[in-house]
Amino acid sequence: MSAPRSAATSRSPRRAVAAALLLAAAGQVHADSNAAKVAGPQPGPAREVRFPAFEEQTLPNGLRVVVVQQHEQPLVSLQLLVKAGKSFEPAGKQGLAKATAALLTQGTATRAAQQVAAAIDFVGGTLSTGASVEAGFASIATTSDQLDLAFELLADVILHPSFPQDEIDRWRKQTLDGLRIKSKTAGYLANTAFLRTLFGEHPYGRPADGTAESLAALSREDFVAFHRERYVAGQALIAVVGDVTPADAFARVRRAFAGWAQGTPVEVPAVSTAASSARRILVIDKPDAAQTEIRLGQTAIAFRDPDLYVAEVYNSLVGKSSSARLNEELRVRRGLTYGASSSFTEPSQPGWFVASTSTKTASTVTAVTVALDVLGGLSTEAVPAAELASAKTFITGALPLEIETAAGTAGKVLEAMRAGYGRDFLEHYNEHLSGVTAVDLQRFARERMHPDTMTVVLVGNAAAFAQELREKLGAFETVPAAKLDFLRSDLRTAETDPAPPPH
Amino acid sequence: MNATAKHAGLAGALLALLAADAGAGNALQVTPPKLEVGERTLANGLRVLLYEDHSVPIVNVQVWYHVGSKNERPGRSGFAHLFEHLMFKGSANVASEEHKSFISSIGGRFNAATDFDRTQYWETVPSNYLERILWMEADRLRSLDVSEANFRSEREVVKEERRQRVENPPFGRLMEVVLANTYTTHPYRILPVGSMADLDAATLDDVRAFHATYYVPNNATLVIAGDFEPGQATRWVEEYFGSIPKGGEIPRDVPAEPAQNGERRARDVRAGTPLPAVVLTYHVPRAGAADLYALEVASNILSSGESSRLYRRLVYEKQIAVSAAGEAIELEHPGVFFFVGILQSGQKPEVGEQELVAEIGRLQAEPVTADELTLAKNQILAGLVFGRQTVQQRADAIGNAAVILGDLSLVNRALAEYQKVSAADVLRVAKVYFRPENRTVVYMLPEEKPPAEKPAEKQNGSLR
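Only a predicted model underlies this, so the values are computations on that prediction, with no experimental measurement involved.

What counts and what doesn't
- Residues numbered from 1 in each chain as written.
- Chains lettered and ligands numbered in written order.
- Predicted model: local features only at pLDDT ≥ 70, side-chain atom pairs only at ≥ 80, totals over all residues.
- Helix = DSSP H or I, 4+ residues; strand = E, 2+ residues; numbered from the N terminus.
- Rg over C-alpha atoms; globule rule 2.2 N^0.38 Å.
- Contact = placed C-beta atoms within 7 Å.
- Buried ≥ 20, exposed ≤ 12 C-beta atoms within 10 Å, placed from the backbone.
- Axes fitted to C-alpha atoms, helices over the stretch in contact; angles between N-to-C directions.
- Parallel < 35°, antiparallel > 145°, perpendicular 65-115°, else oblique.
- Nonpolar A, V, L, I, M, F, W, Y, C, P; charged D, E, K, R; others polar.
- Pairing = 2+ DSSP bridges.
- Arc of directions from axis to C-beta.
- Core = buried A, V, L, I, M, F, W, Y, C linked by C-beta atoms within 7 Å.
- pLDDT = per-residue confidence, 0-100.
- Domains from an automatic or database assignment.
- Expected span 1.5 Å × (residues − 1).
- Left-handed = near helix turned anticlockwise from the far one by under 90°.

A. View of the overall build of chain B. When its secondary structure is counted, chain B shows 16 helices and eleven strands. Scaling as 2.2 N^0.38, a compact globule of 464 residues should have a C-alpha radius of gyration of about 23 Å, and chain B matches this with 24 Å. Once the C-alpha set of chain B is aligned to its principal axes, its extents read approximately 70 × 65 × 40 Å. Within chain B, residue pairs in contact and separated by at least 24 positions form 79% of the contacts whose partners lie at least 6 positions apart.

B. Quick peek at the overall build of chain A. Scanning chain A from N- to C-terminus turns up 19 helices and twelve strands. Against the compact-globule benchmark of 23 Å for 503 residues, chain A has a radius of gyration of 26 Å, which places it among compact chains. Taken over the C-alpha atoms alone, chain A extends approximately 80 × 65 × 45 Å along its principal axes. Here chain A holds 503 residues, and 51% of them are scored as buried. Contacts in chain A between residues far apart in sequence, at least 24 positions, make up 79% of those at least 6 positions apart.

C. Spatial organisation of the packing of helix α13 (residues 370–386) of chain B against helix α15 (residues 410–420) of chain B. Residue and element names in this part refer to chain B. Relative orientation of the contacting elements α13 and α15 amounts to 170°, with a least axis distance of 10 Å. Here α15 runs roughly antiparallel to α13, going by the angle between their axes. Listed contacts from α15 to Lys-377, Ile-380, Leu-381 and Leu-384 of α13 are Leu-415, Tyr-418 and Gln-419. Residue composition of the contact of α13 with α15, by class: five nonpolar, one polar and one charged.

D. Structural context of the sheet that holds strand β3 (residues 58–65) of chain B. All names here are of chain B. A sheet is described by the order of its strands in space; here six strands give the open sequence β1-β2-β6-β3-β5-β4, paired in mixed fashion. Each of the sheet's edge strands pairs with one partner strand only, and the pair in question is β1 (38–41) and β4 (109–114). Averaged over all pairs of adjacent strands, the angle between strand axes in this sheet comes to 15°, irrespective of strand direction. Helix α4 (residues 130–143) contacts β3, β5 (119–126) and β6 (220–226) of the sheet and is inclined by roughly 15° relative to β3.

E. Broad picture of the pairing of strand β3 (residues 75–82) of chain A. All names here are of chain A. β3 sits mainly inside the fold: eight of its eight residues count as buried. Both β3 and strand β5 (residues 136–143) contribute to a ladder of eight bridges, which runs antiparallel. Across the sheet, Ser-77 pairs through a bridge with Ala-141, a residue of β5. Direction of pairing for β3 relative to strand β6 (residues 236–242): antiparallel, over a ladder of seven bridges. Bridge assignment links Val-82 to a residue of β6, and that residue is Ala-236.

F. Layout of helix α8 (residues 204–214) of chain B. Residue and element names in this part refer to chain B. Those residues of α8 lying buried are Val-207, Phe-210, His-211 and Tyr-214. Along the axis of α8, the buried positions cluster into a sector of 100°, meaning they face one direction only. In the core, the buried residues of α8 are packed alongside β3, α2 (79–86) and α5 (148–167).

G. Focus on the sheet that holds strand β10 (residues 352–360) of chain A. Residues and elements named next belong to chain A. The sheet built from six strands is open, its strands ordered β9-β10-β8-β11-β7-β12 with mixed pairing. In the strand order of this sheet, the two ends are held by β9 (340–345) and β12 (477–480), each with one partner. Strand after strand, the sheet turns through a mean of 15° between neighbouring axes, direction not considered. Taken together, the five bridges between strand β8 (residues 291–299) and strand β11 (residues 455–460) define a ladder with antiparallel strand orientation. Each residue of the ladder has a partner; that of Leu-296, found in β11, is Val-456. This element, helix α12 (residues 325–333), spans β9 and β10 of the sheet and lies at about 155° to β9.

H. How the structure looks around the environment of Gly376(A). Within the fold, Gly376(A) resides in helix α13 (residues 364–380). Distance in space between the C-alpha atoms of Gly376(A) and Arg446(A) is 9.0 Å, their sequence separation being 70 residues.

I. Seen up close, the nonpolar core. Counting residues in each nonpolar core, the largest one holds 283 residues, and the members touching the most others are Leu154(A), Ala371(A) and Ile398(B). Counting residues per element, this core draws most heavily on α13(B), at nine residues. Not counting the four nearest positions on each side in its chain, Ala371(A) is found in contact with Leu296(A), Leu326(A), Leu330(A), Ala340(A), Ala355(A) and Thr357(A).

J. The arrangement of the confidence of the model for chain A in detail. Summing up the model confidence of chain A, the mean pLDDT is 91 and the portion of residues at 70 or higher is 91%. Here residues 497–503 of chain A is a poorly scored stretch, pLDDT under 50, and it has five contacts once near neighbours within four places are set aside; other chains count.

K. Seen up close, the pairing of strand β8 (residues 277–283) of chain B. Residues and elements named next belong to chain B. Taken across its seven residues, β8 has six buried, putting it largely inside the fold. Of the pairings in the sheet, the one linking β8 to strand β10 (residues 336–343) comprises seven bridges and is antiparallel in character. In the strand pairing of β10, His-283 is matched with Val-336. Sheet analysis places β8 next to strand β11 (residues 439–446), joined by six bridges and oriented antiparallel. Looking at β11, one finds that Ala-277 is bridged to Met-444.

L. View of the domain arrangement of chain B. Residues and elements named next belong to chain B. Along its sequence, chain B is organised into domain 1 (38–241) and domain 2 (264–459). Taking the mean C-alpha position of each, domain 1 and domain 2 sit 28 Å from one another. Listed as interface residues are 30 residues of domain 1 and, on the opposing side, 27 residues of domain 2. Elements supplying a minimum of two residues to the side of domain 1 that touches domain 2: β2 (47–52), β3, β5, α6 (174–182) and β6. Per-element accounting of the side of domain 1 that touches domain 2 gives the leading share, five residues, to α6.

M. Representation of the environment of Gly226(B) within the structure. Residues and elements named next belong to chain B. You can see Gly-226 is positioned in strand β6. Sequence separation of Gly-226 and Val-56 is 170 residues, and the distance between their C-alpha atoms is 7.8 Å. Apart from the residues lying within four places of it in its own chain, the contact partners of Gly-226 are Asp-53, Ile-58, Val-59, Asn-60, Ser-127 and Val-391.

N. The arrangement of unusual backbone geometry in detail. Residues other than glycine seldom take positive phi values, yet Phe163(A) does so here, at roughly 45°. Relative to the helices and strands, Phe163(A) is located in the loop between α5 (147–159) and α6 (165–182).

O. Broad picture of α5(B). Over its 20 residues, α5(B) runs 27 Å from end to end, which matches the ideal 28 Å to within 8%, given 1.5 Å per residue. For α5(B), the complete set of buried residues consists of Asn150(B), Glu154(B), Val158(B), Lys159(B), Glu160(B), Arg162(B), Arg163(B) and Gln164(B). Contact partners of the buried residues in α5(B): β8 and β10 of chain A together with α2 and α7 (196–201) of chain B.

P. The confidence of the model for chain B, seen in detail. Residue and element names in this part refer to chain B. For chain B, per-residue confidence averages 92 on the pLDDT scale, and 91% of positions sit at 70 or higher. Within the model, the stretch residues 1–23 combines pLDDT values under 50 with 38 contacts to residues more than four positions away or in other chains. Within the model, pLDDT remains below 50 along residues 451–464, and this stretch shows 16 contacts once partners closer than five positions in the same chain are excluded. As a predicted assembly, this complex carries a pTM of 0.91 together with an ipTM value of 0.90.

Q. Inspection of the packing of α4(B) against helix α9 (residues 230–241) of chain B at higher detail. Residues and elements named next belong to chain B. Closest axis-to-axis distance for the α4/α9 pair is 9 Å, and the angle between their directions is 25°. Relative to α9, the element α4 is oriented roughly parallel. For the pair α4 and α9, the sense of crossing is right-handed. Judged by residue contacts, Leu-130, Glu-131, Leu-134, Trp-135 and Ala-138 of α4 engage Ala-233, Trp-236, Val-237, Tyr-240 and Phe-241 from α9. In the contact of α4 with α9, the residues fall into nine nonpolar, no polar and one charged.

If you want it as structure tokens, here you go:
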């Protein structure tokens with residue numbers, strides 16, 4: 001039985017003997033966990049990885065175009081982003097951004113909905129549209145022999161959607177049923193209630209899917225107007241990715257989108273990031289829940305915040321990997337959950353930090369207190385050097401994995417461009433992130449993170465944990481899941497309104 | 001494609017031309033990249049598959065153990081999956097959880113997955129760490145070392161996984177209920193996640209016995225894909241895996257499912273179900289069997305995209321469903337082809353069933369059109385291009401062909417098998433397999449009245 005080769009070269013003879021004994025005993029299944037362990041082989045020299053080349057142009061109408069080539073696979077994809085997410089919905093039109101995006105593919109000036117579907121299905125491609133916090137997006141992917149079709153169809157659904165009334169009716173019926181499924185999905189309720197509670201009437205707090213009531217009020221005129229005002233070239237980015245040359249790609253974008261109106265710029269209103277004076281705890285009572293969905297967090301940073309890199313390292317330490325502290329404490333040490341994680345969402349205005357987990361009803365309060373303690377620990381104690389190094393390399397070392405596909409590269413380019421950053425940002429990202437120190441982290445944890453007053457949202461069987469919650473964390477509000485209304489600031493349907501189902 | 005330009009003028013004419021060009025029955029003109037796989041078997045029975053690709057300095061390593069939930073003994077459902085979790089709980093030279101923390105600390109990614117037939121472990125890492133990863137995988141194959149405390153704690157994690165995936169989400173129980181009614185005898189009747197009671201009954205002795213029986217080189221396939229030098233990789237594999245003793249003969253005595261000779265029906269009513277759902281299942285042959293190609297083609301025509309037959313009929317035209325699909329679960333032993341319609345609120349399940357049966361009848365009564373056949377083959381070809389972009393996706397395909405399909409050459413040859421499928425083949429398999437006596441019908445329905453005192457499970461499986 002041979003000992004590991006490179007380990008043998010770096011180990012003392014005594015340990016080599018111990019290791020050989022260990023290996024010999026291994027068939028007996030339960031070796032002594034405290035026995036000396038053989039160190040694993042050390043890595044060979046790393047191949048240098050640089051952010052891949054890409055080319056950019058801006059059309060006269062303001063449309064920014066980026067091309068990422070990759071000729072190893074016979075495929076091409078186009079990804080278009082425009083400032084048409086929920087943050088730009090007119091007041092009282094909750095759900096309009098997602099609805100408009102969904103309807104883009106449901107009929108154009110020259111194609112009925114079923115013709116759009118048939119065209120993309122026939123070539124085995126995908127055409128998808130959607131809307132997030134700030135962006136409306138559309139993407140199409142086909143094999144590279146279908147480049148004509150890819151540009152043609154994407155431009156058609158972006159420039160010439162016709163919003164036929166019968167398709168609007170179909171969409172509404174289906175989406176209301178989709179909301180019925182979501183209304184029974186604890187994770188959806190938790191995420192939506194968390195943003196609503198955190199951001200109040202600011203657009204980031206809006207329910208992106210709308211509600212039965214808000215969707216019922218949307219009319220064809222709303223879709224036409226939102227499309228006309230928000231799907232504009234001057235506020236859009238498009239990436240052409242894959243088996244295509246830049247010259248060809250730029251020429252095709254110019255042909256397809258030259259006639260697109262420039263439109264007017266739009267910005268998201270400012271967000272107040274002042275820490276709240278007290279913790280707000282919202283319990284959504286779902287008596288049939290097998291687990292409690294837990295969210296806790298606060299308003300945080302914008303993408304262009306100078307603390308972007310510190311925040312990313314903080315998140316890596318706390319909840320980005322399975323070895324990060326939240327998962328370590330909740331899953332590994334205590335067996336309380338299948339997983340715990342955290343994230344920062346960094347839009348154009350200060351966004352949010354959220355830690356998420358789920359646990360059986362009985363351990364709800366324990367899980368919340370453990371998670372809050374994990375976050376509190378970051379401000380009281382400096383992070384050990386080895387842990388900090390791991391947290392940074394978890395991000396920087398993943399660069400070759402992230403750029404393996406051209407689509408992965410394009411995603412990073414688009415994210416940077418949306419924030420007004422360019423090549424320099426992407427090429428030096430790892431350098432900046434690697435420069436984050438334990439001192440930076442502690443300052444960030446103390447000054448910008450506020451575990452003591454974080455908003456907590458719990459979706460679960462409230463009766464089973466209410467008393468313990470009150471004892472450990474104090475007062476909280478409760479709303480029965482059946483009475484949730486994301487349009488109202490108290491999240492609760494008006495008592496006088498029996499809220500009849502849509503049909 | 002019959003796009004008609006509603007607006008006169010040059011642009012409209014061009015649009016119509018392009019559309020006609022794209023959809024006039026043409027097959028795609030691209031070829032998916034061929035995967036060149038080097039293959040050898042060590043003296044202890046470990047099968048090693050190597051696929052080189054140097055475009056990015058990363059390597060994906062996978063170990064496939066040919067054991068899944070169908071190998072579990074009665075009273076130990078969920079054990080293969082629980083065991084998978086324990087493979088991260090330490091071995092002679094790797095501490096509990098160190099596998100995860102080490103890979104994370106170098107920017108790598110990893111996971112593992114257990115299904116009915118196999119348990120798969122994978123890592124994607126910067127390629128200069130290949131030797132370390134092989135050493136780590138060999139260590140847990142050779143010397144898994146789980147303490148009682150770690151065993152108990154991880155079992156709680158797995159129970160939380162069951163709550164999160166199966167018990168808490170709407171429709172989380174759908175597959176569990178459907179399979180329990182579709183199979184009477186074969187262990188495919190139980191989901192790999194198993195039951196809470198069986199998880200609670202598992203012991204550390206079970207862990208030792210399972211490792212000794214199934215986690216042996218002669219039951220494992222190692223796939224290395226990406227940026228490495230094959231001679232060097234082979235030397236490392238020999239060095240770290242070569243001395244692990246060969247195990248005994250692997251038990252393969254899984255009870256067979258008897259042929260079904262009459263329709264079965266079941267109804268499941270529970271509070272967490274938000275919309276009525278109808279599922280029809282039919283027993284079909286094992287993955288890799290000749291008829292599966294025609295059944296896959298049928299699946300594309302039935303349910304791939306918004307122009308597919310089921311979407312068009314149930315969702316778009318009749319507007320009785322929010323989604324509709326028909327597809328095969330391909331398994332090592334005879335699997336199932338299932339049709340599912342999630343109905344709009346208030347729709348009667350009988351109506352959903354009628355509409356699904358009507359589409360099935362159409363598939364049995366008349367051949368699919370030439371355009372539909374081309375569409376299905378285009379989708380399958382494009383799927384091979386889009387589904388094999390990363391070294392991990394390629395290693396998945398290689399491992400699946402070798403371990404589940406039982407024929408590594410299928411990783412490149414399957415496309416040609418699909419291309420051979422004719423409209424007559426689709427008609428034939430629809431008639432052979434979609435027979436009422438080979439069918440199980442399950443209705444999953446929302447509870448119409450306030451929850452009763454008794455648990456919802458009590459109503460599970462009651463016959464209509």
